[in-house]
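Chains, contacts and geometry: an overview
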Amino acid sequence: MSNSRTTAAETVPKTVIAPTFMKDFLALIKIGIVNSNLITAFTGLFLAFQFANINFVHELDLMIATLFGTALIIAGSAALNNLIDRDIDPIMTRTRTRPTVTGRFKAPAVLAMALGFIAIGEVLLFSANATTGLLGLAGVFSYVVLYSMWSKRRHVSNTIVGSLSGAIPPLIGYAAVEPSLGLGAWALFLIMFVWQPPHFYALAMKKTDEYGAAGIPMLPVVKGFARTKKSMLAWVVLLFPLPFMLSELGTAFLVLATLLNIGWLLLALKGFNVKDDLKWAMSMFIYSLNYMTILFVSMIIFSIFI
């Protein structure tokens, strides 16, 4: 009599070459997410230095503590997310080889490492000031508890809930220099918050079948592609006024940001007349990545000349 139940390890394709320890470790902490969030945290830090007329060279210890602390709490939170999702990750192609699924990293070790990373990261963030440390705790709570443990498997609004944690790193960076948080800090927060839904909805469209099989109520799974396109368009429109909260960066920055928004708007509108929804979704996803990279790098560059 055959056993229809399979273990997580058995669902991994036999052709997958066993990754090295380092590759497993980087997958566990989601190094791509760590790196992308560090870019926004650094932007917040750098803008705060520039707006306050502080030479960052004289505050390298603060910069290193803030960025390293931010990296550690993100890495620890990502590892906890992998631990929480190890029962559904085998169902999805892009997650089925994670070390928490294959068993190459055992749950107790992952838990200990994740909590250790978060604890050390928080010590570093609190060494900057209380606001920075508290924002770090808010980021961990929103990602691990509000998103991973509560909304991800229950609510179609999970992407919006998850966007809270993704918008906190620039606040952390800014608060390390200016704990009172100015308009610039909240501009970065809002840009990151509003940018994330159309970015992740595009990915969700590409992986709709897998999300559905895993029981994750992503918007395209629950509401369909047409409703998802309307939502993506609305979020892109909401981006338009936000760069003007950073008017200190000058007219050239505002023009660049507006052109980026117009380009994304036109691409979003195009989605209502395409024949290949998945190809269009991939275009939206790629544009979103380029959008965020160009926008945040330009903030750093233009801030040098204010």
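Residues numbered from 1 in each chain as written. Predicted model: local features only at pLDDT ≥ 70, side-chain atom pairs only at ≥ 80, totals over all residues. Heavy atoms only, no water.

We now examine the overall build of the protein chain. Counting its secondary structure elements, the protein chain contains 14 helices and 0 strands. Going from N to C terminus, the protein chain has its helices and strands arranged as α-α-α-α-α-α-α-α-α-α-α-α-α-α. Compactness check: the protein chain gives a C-alpha radius of gyration of 20 Å against a globular reference of 19 Å for 306 residues, within 12% of the reference. Each principal axis of the C-alpha atoms in the protein chain carries an extent, and together these give about 75 × 50 × 30 Å. Relative to its full complement of 306 residues, the protein chain shows a buried share of 50%. Contacts in the protein chain between residues far apart in sequence, at least 24 positions, make up 76% of those at least 6 positions apart. Only carbon and sulfur atoms are counted for the fraction: they give 68% of the accessible area of the protein chain, which is about 14,200 Å². Taking the 22 positively charged and 14 negatively charged side chains of the protein chain as two groups, their mean positions are separated by 12 Å. (Helix = DSSP H or I, 4+ residues; strand = E, 2+ residues; numbered from the N terminus. Rg over C-alpha atoms; globule rule 2.2 N^0.38 Å. Buried < 20%, exposed > 50% of the residue type's maximum accessible area, 1.4 Å probe, protein only. Contact = heavy atoms within 4.5 Å. Areas by Shrake-Rupley, 256 points an atom, 1.4 Å probe, with all protein chains shown as cover. Lys, Arg positive; Asp, Glu negative; His and termini not counted. Charge placed at Lys NZ, Arg CZ, Asp CG, Glu CD.)

A cluster of nonpolar residues, Val-255, Leu-259, Ile-262, Leu-266, Leu-269 and Phe-272, forms a patch on the protein surface that exposes about 540 Å² of accessible area. When you line up the elements, Ile-262 lands in helix α13 (residues 251-270). By relative accessible area, Ile-262 is classed as partly exposed at 36%. (Patch = residues over 30% accessible without salt bridge, like charges linked within 9 Å, V, L, I, M, F, W, Y side chains within 5 Å. Salt bridge = Lys/Arg side-chain N within 4 Å of Asp/Glu carboxyl O.)

This part is about the side chain of Asn-261. Mapped onto the elements, Asn-261 comes out in helix α13. Non-local contacts of Asn-261, meaning those with residues more than four positions away in its chain, are made with Val-236, Leu-239, Phe-240, Pro-243 and Tyr-291.

Further remarks concern the pattern of salt bridges. The full count for this structure, using the stated rule, is 6 salt bridges. With a shortest N-O distance of 2.5 Å, Lys-152 and Asp-85 are connected by a salt bridge. Pair noted here: Lys-152 is in the loop between α6 (130-151) and α7 (158-167) and Asp-85 is in the loop between α3 (60-84) and α4 (99-102), with a separation of 67 residues, a long-range link. A residue is classified by how much of its surface remains accessible, and Lys-152, at 10% relative accessible area, is buried. Taking relative accessible area as the criterion, Asp-85 reaches 0% and is therefore assigned buried. Where Asp-85 meets Arg-153, a salt bridge forms, and the shortest distance between an N and an O atom there is 3.3 Å. Here Asp-85 is found in the loop between α3 and α4, whereas its partner Arg-153 is found in the loop between α6 and α7, with 68 residues between them in sequence. The class of Arg-153 is partly exposed, set by a relative accessible area of 31%. Each of the salt bridges in this network shares a partner with another, and the network as a whole consists of Asp-85, Asp-87, Lys-152 and Arg-153.

What follows concerns the packing of α6 against α7. Two elements in contact, α6 and α7, have axes whose closest approach is 7 Å; the angle formed by their N-to-C orientations is 165 degrees. It follows that α6 is roughly antiparallel to α7 by the angle criterion. The way α6 lies across α7 gives a crossing that is left-handed. Contact residues: α6 offers Gly-139, Ser-142, Tyr-143, Leu-146, Tyr-147, Trp-150 and Ser-151, while α7 offers Asn-158, Val-161, Gly-162, Leu-164 and Ser-165. Of the residues assigned to the contact of α6 with α7, the class counts are 6 nonpolar, 6 polar and no charged. (Axes fitted to C-alpha atoms, helices over the stretch in contact; angles between N-to-C directions. Parallel < 35°, antiparallel > 145°, perpendicular 65-115°, else oblique. Left-handed = near helix turned anticlockwise from the far one by under 90°. Nonpolar A, V, L, I, M, F, W, Y, C, P; charged D, E, K, R; others polar.)

Here the focus is the packing of aromatic side chains. Scanning the entire structure with this criterion turns up 11 aromatic pairs. Ring plane angle 20 degrees and centroid distance 5.8 Å describe the contact between Tyr-143 and Tyr-147, whose orientation is recorded as stacked. Pair noted here: Tyr-143 and Tyr-147 are both in helix α6, with a separation of 4 residues, about one helical turn. Neither Tyr-143 nor Tyr-147 differs from the other in exposure class; each is buried. (Phe/Tyr/Trp six-rings, centres within 6.5 Å; stacked < 30°, edge-to-face > 60°.)

Taking burial as the measure, the 9 residues of helix α8 (residues 169-177) include 9 buried ones, the bulk of the element. Within α8, burial applies to Pro-169, Pro-170, Leu-171, Ile-172, Gly-173, Tyr-174, Ala-175, Ala-176 and Val-177. Looking at the buried side of α8, the elements it contacts are α2 (31-51), α3, α5 (107-128), α6, α7 and α9 (183-206).

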